[in-house]
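Letter by letter, the chains look like this.
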Amino acid sequence: MTSFGPAAFQLVLLRRMSDFQPELADEARRRLGASLADQREANKHWQAMVRSPRSRGALARYRSVLGPPESVERRTIGDLECEALLWPLPLWPDLRFEVLAAPDGAVWNEWLVRAPGAPGPVLESPDDLLPWSATVDEVAQAFAPVRPMEGTAPTRWRLAFAARGRPCVAEFTYGLLQRVAVDGPRGPDGAGAVSSG
């Protein structure tokens, strides 16, 4: 890859998702026409940009990598005002990469959300929670009330909730569902089921 743009950025997202879904991530990487070496190089380049002492800040970095956002809207979260910037990514045509930025340009959150007007999944039971099928907001709305839990890395989120009376924990990377642990019925080894696709 000669320049760092949307294709390379998607490789960075896939690198984190491969921790949970290596097969899906590998298939998506191949759809981008990228090798594992391309992915390693993209991740190395991204980390260098993030850690650079000359970095212009996260919002400027996203604009330089992804270009002008598809849309920008003002949003109020609690009593805080922010801007929501959305970018399309070819791997996920029904999703958008959303960055929430404070008035001073500080980035509060960055993740994948459903594109405006795109139909979301029907989520009624743990069996509907397939990898890469839903976003944090969609799972939170479908199975409310949910309890946010600390993620295992900065780009990860977890939600605890009950689905059809069964305790579940859903794990997300960059806001996209990766897997769901369902507590019961327990298997012969005493472990709960894990839905991973």
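Note: the structure precedes this text.
What comes next concerns the included structure.

Basis of the calculations
Residues numbered from 1 in each chain as written. Predicted model: local features only at pLDDT ≥ 70, side-chain atom pairs only at ≥ 80, totals over all residues. Heavy atoms only, no water. 1 Å grid on protein atoms, 1.4 Å probe; cavity = no way out; pocket = protein on both sides within 12 Å on 5 of 7 lines; lining within 4 Å. Points joined across faces, edges and corners; volume = space filled by probe spheres on them. Helix = DSSP H or I, 4+ residues; strand = E, 2+ residues; numbered from the N terminus. Nonpolar A, V, L, I, M, F, W, Y, C, P; charged D, E, K, R; others polar. Polar contact = N/O pair within 3.5 Å; in protein donor to acceptor, adjacent residues only side chain to side chain. Pairing = 2+ DSSP bridges. Phe/Tyr/Trp six-rings, centres within 6.5 Å; stacked < 30°, edge-to-face > 60°. Buried < 20%, exposed > 50% of the residue type's maximum accessible area, 1.4 Å probe, protein only. Lys NZ or Arg CZ within 6 Å of the ring centre and 35° of its normal. Core = buried A, V, L, I, M, F, W, Y, C linked by side-chain atoms within 4.5 Å. Contact = heavy atoms within 4.5 Å.

**With respect to the layout of surface pockets**
Counted as a void, the largest pocket has a volume near 340 Å³. Lining the largest pocket are 18 residues, with W46, E110, P154, T155 and Y174 positioned closest to its centre. If you list the elements that add at least two residues to the lining of the largest pocket, you get α1 (6-17), α3 (36-51), α4 (58-66) and β4 (107-114). Sort the elements by how many residues they give to the lining of the largest pocket and α3 lands first, with 5 residues. Here the lining of the largest pocket is built from residues that sort into 10 nonpolar, 4 polar and 4 charged.

**Side note on the environment of S64**
Within the fold, S64 resides in helix α4. The sequence separation of S64 and R15 amounts to 49 residues, and the corresponding C-alpha distance is 21 Å. Among the polar contacts listed, one links the side chain of S64 to the backbone oxygen of R61, at a separation of 2.9 Å.

**Describing the pairing of β4**
The pairing of strand β3 (residues 95-101) with β4 spans 7 bridges and is antiparallel. Considered in β4, the bridge of F97 is made with L112. In textbook terms, the turn of a hairpin is the stretch between consecutive antiparallel strands, and for β3 and β4 this stretch comprises 5 residues, one of which, G105, has a positive phi near 95°.

**Regarding the packing of aromatic side chains**
Per the counting criterion, the structure on display carries 11 aromatic pairs. Seen in terms of ring centroids, W92 and W132 are 5.6 Å apart; in terms of plane orientation they differ by 65°. Their pairing is edge-to-face. Taken together, the positions of W92 in the loop between β2 (80-88) and β3 and W132 in the loop between β4 and α5 (136-142) put the pair 40 residues apart, joining distant regions of the chain. The class for W92 is buried, based on a relative accessible area of 7%. The structure contains a cluster of three or more aromatic residues connected by ring pairs, namely F4, F9, W46, Y62, W87, F97 and Y174. Over the ring of W46 we find R61; its NZ or CZ atom is 5.4 Å from the centre of that ring.

**Considerations on the nonpolar core**
Ranked by internal contacts, the top residues of the largest apolar core, which has 30 residues, are F9, W92 and F97. Where this core is concerned, the elements lending two or more residues are α1, α2 (22-31), α3, α4, β2 and β3. With 7 residues, the top contributor of residues to this core is α1. Other than its neighbours up to four places away in sequence, W92 contacts L13, L14, M17, L112, W132 and L176. W111, L129, F161 and C168 belong to the second-largest nonpolar core, a separate cluster that totals 18 residues.

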